[in-house]
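Descriptive structure summary
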Amino acid sequence: VSRFESITMAPPDPILGVSEAFRADTHEMKLNLGVGAYRTEELRPYVLSVVKKAENLMLERGEFKEYLPIEGLAAFNKATAELLLGADNPIIKQQRIATVQGLSGTGSLRLAAALIERYFPGAKVLISSPTWGNHKNIFNDARVPWSEYRYYDPKTVGLDFDGMISDIKAAPEGSFILLHGCAHNPTGIDPTPEQWEVIADVIQEKNHIPFFDVAYQGFASGSLDADASSVRLFAARGMELLVAQSYSKNLGLYAERIGAINVVCSSADAAARVKSQLKRIARPMYSNPPIHGARIVANVVGDPALFNEWKEEMELMAGRIKSVRQKLYDSICAKDKSEKDWSYILKQIGMFSFTGLNRAQSDNMTDKWHVYMTKDGRISLAGLSAAKCEYLADAIIDSFY
Ligand code: PMP
């Protein structure tokens, strides 16, 4: 008998489990719209050409594989803060930002969660309802209490802005408000610039601390600056804030685990202290971060030609997603004989579309149509090709009615 008898089987991850089920399906029309990873029109994974070029440069230079410092690669940390805030942002010159390289978005969020648990005991994190499924796991594991604020309105398949504002107002003073910087996951619904201003007003009034999750900078609109505008708007008000960044999507570095946690503070002195504590949290967890992805980012951002090429590739990826979004919408409208307004599909932004399908309808998508997706009705448009839009439209209409 095993000493591990009391350990029960864990349930599969609701997002990564979808890919496992997809692999087991042998149907020729099967479609994996579960996990958010970019695919080409041929539905193959894509390595950006700037990434290959940067890797070739790195090989030619014969760079070492020694340990990085706990806080990561200096050139990466500089580049990532500049991409986020804009290179000429005074916050950088004033050294008011503490940047620590993290294990992509997830690991960076986890470092911040540990910082909150240690230095803001009892403080709550407010997360949107719904949100990326892993947020809850991250705060649970870090023992940080969280609750939800209203975000999605199923009636309009749009933003419940009034609900959001009143829940942020009602939260205990000094709460952390988790916000998706752009391309909200899973809904694809973002506040307008005017709404962001109101959100910032309420957060300031209540002395809350904004905590941005930026997993899609440049990937949502195709522009790095436009996709960081929410964060920059808050930073320009002089607010202290946290930002977790990921290069999984915008540079396609999913498995390299490259990202960062940034804490914008009101003084250089506070930033130095925060950074020292983030390092102290990282050291016993994983000691120091991996170098490969950090070097790729630093090389791409640091070389004007590569940087421009990256922007072009990002526009291309964002453009392909926008064009399948349009094609899916057109196909649904052409096939649906009812009066239903599907325009919410076009209003959403980024990799995902929230179809408005409920759990039973999502089950029908998978069981009958071999379309794999999360049970909340989210589909990843990055896994859709123009050639399969008609098929998907048939599946959605069949499941909906
Ligand atoms: N936050 C959000 C909202 C995401 O969608 C993702 C990717 N699915 C992440 C964070 C983190 O992903 P990664 O750890 O690969 O950077």
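Residues numbered from 1 in each chain as written. Predicted model: local features only at pLDDT ≥ 70, side-chain atom pairs only at ≥ 80, totals over all residues. Heavy atoms only, no water.

With that out of the way, let us pick up helix α2 (residues 49-61). With 13 residues, α2 ought to run about 18 Å at 1.5 Å a step, and its terminal C-alpha atoms sit 19 Å apart, in line with that. For α2, the full list of buried residues reads Val50, Val51, Ala54 and Met58. When α2 is viewed along its axis, its buried side chains cluster within an angular range of 100° and face the same direction. Of the exposed residues in α2, those oriented more than 90 degrees away from the buried face are Leu59 and Glu60. (Helix = DSSP H or I, 4+ residues; strand = E, 2+ residues; numbered from the N terminus. Expected span 1.5 Å × (residues − 1). Buried < 20%, exposed > 50% of the residue type's maximum accessible area, 1.4 Å probe, protein only. Arc of directions from axis to C-beta.)

This part takes up the site of the ligand. By nearness alone, every residue bordering the ligand is listed as Ser104, Gly105, Thr106, Trp132, Asn185, Asp213, Ala215, Tyr216, Ser246, Ser248, Lys249 and Arg257. At 2.6 Å from a nitrogen atom of the ligand is found a side-chain nitrogen or oxygen belonging to Asp213. A total of 400 Å² of accessible area belongs to the ligand in isolation, and the protein chains cover 91% of it. Broken down by element, the residue count for the shell around the ligand peaks at three residues, all from helix α5 (residues 104-119). Residue composition of the shell around the ligand, grouped by class: three nonpolar, six polar and three charged. (Near = heavy atom within 4 Å. Polar contact = N/O pair within 3.5 Å; in protein donor to acceptor, adjacent residues only side chain to side chain. Areas by Shrake-Rupley, 256 points an atom, 1.4 Å probe, with all protein chains shown as cover. Nonpolar A, V, L, I, M, F, W, Y, C, P; charged D, E, K, R; others polar.)

For the rest of this paragraph, the subject is the packing of α2 against helix α13 (residues 304-335). At a minimum axis separation of 9 Å, α2 and α13 run at an interaxial angle of 150°. As summarised for this structure, α2 and α13 are arranged roughly antiparallel, according to the angle between their axes. Only Leu306, Glu309, Trp310 and Glu313 of α13 make contact with α2, whose side of the interface consists of Ser49, Val50, Lys53 and Leu57. For the contact of α2 with α13, the per-class residue count stands at four nonpolar, one polar and three charged. (Axes fitted to C-alpha atoms, helices over the stretch in contact; angles between N-to-C directions. Parallel < 35°, antiparallel > 145°, perpendicular 65-115°, else oblique. Contact = heavy atoms within 4.5 Å.)

Moving on: the sheet that holds strand β2 (residues 97-103). Across the sheet, seven strands lie side by side as β2-β10-β9-β8-β7-β3-β4; this open sheet has mixed pairing. Edge positions in the sheet fall to β2 and β4 (146-150), since each of these pairs with one other strand and no more. The average undirected angle you get between the axes of adjacent strands in this sheet is 25°. Pairing geometry for strand β8 (residues 209-214) and strand β9 (residues 241-246), over four bridges, is parallel. Among the inter-strand pairings, Asp213 is bridged to a residue of β9, identified as Ala244. Helix-sheet contacts for α5 involve β2, β3 (125-129), β7 (176-180), β8, β9 and β10 (258-264), and the interaxial angle to β9 is about 155°. Lying on the sheet, helix α11 (residues 268-286) is in contact with β2 and β10; it crosses β2 at an angle near 15°. (Pairing = 2+ DSSP bridges.)

Turning next to the pattern of salt bridges. By the definition in use, this model includes 16 salt bridges. A salt bridge links Glu63 to Arg295; the shortest N-O distance between them is 3.6 Å. Here the residue Glu63 occupies a position in the loop between α2 and α3 (74-85), and Arg295 occupies one in helix α12 (residues 292-302), the gap between them amounting to 232 residues. You can call Glu63 partly exposed: its relative accessible area is 30%. Arg295 gets classed as buried once you look at its relative accessible area, which sits at 7%. The partner of Asp153 in a salt bridge is Lys155, with the nearest N and O atoms 3.9 Å apart. (Salt bridge = Lys/Arg side-chain N within 4 Å of Asp/Glu carboxyl O.)

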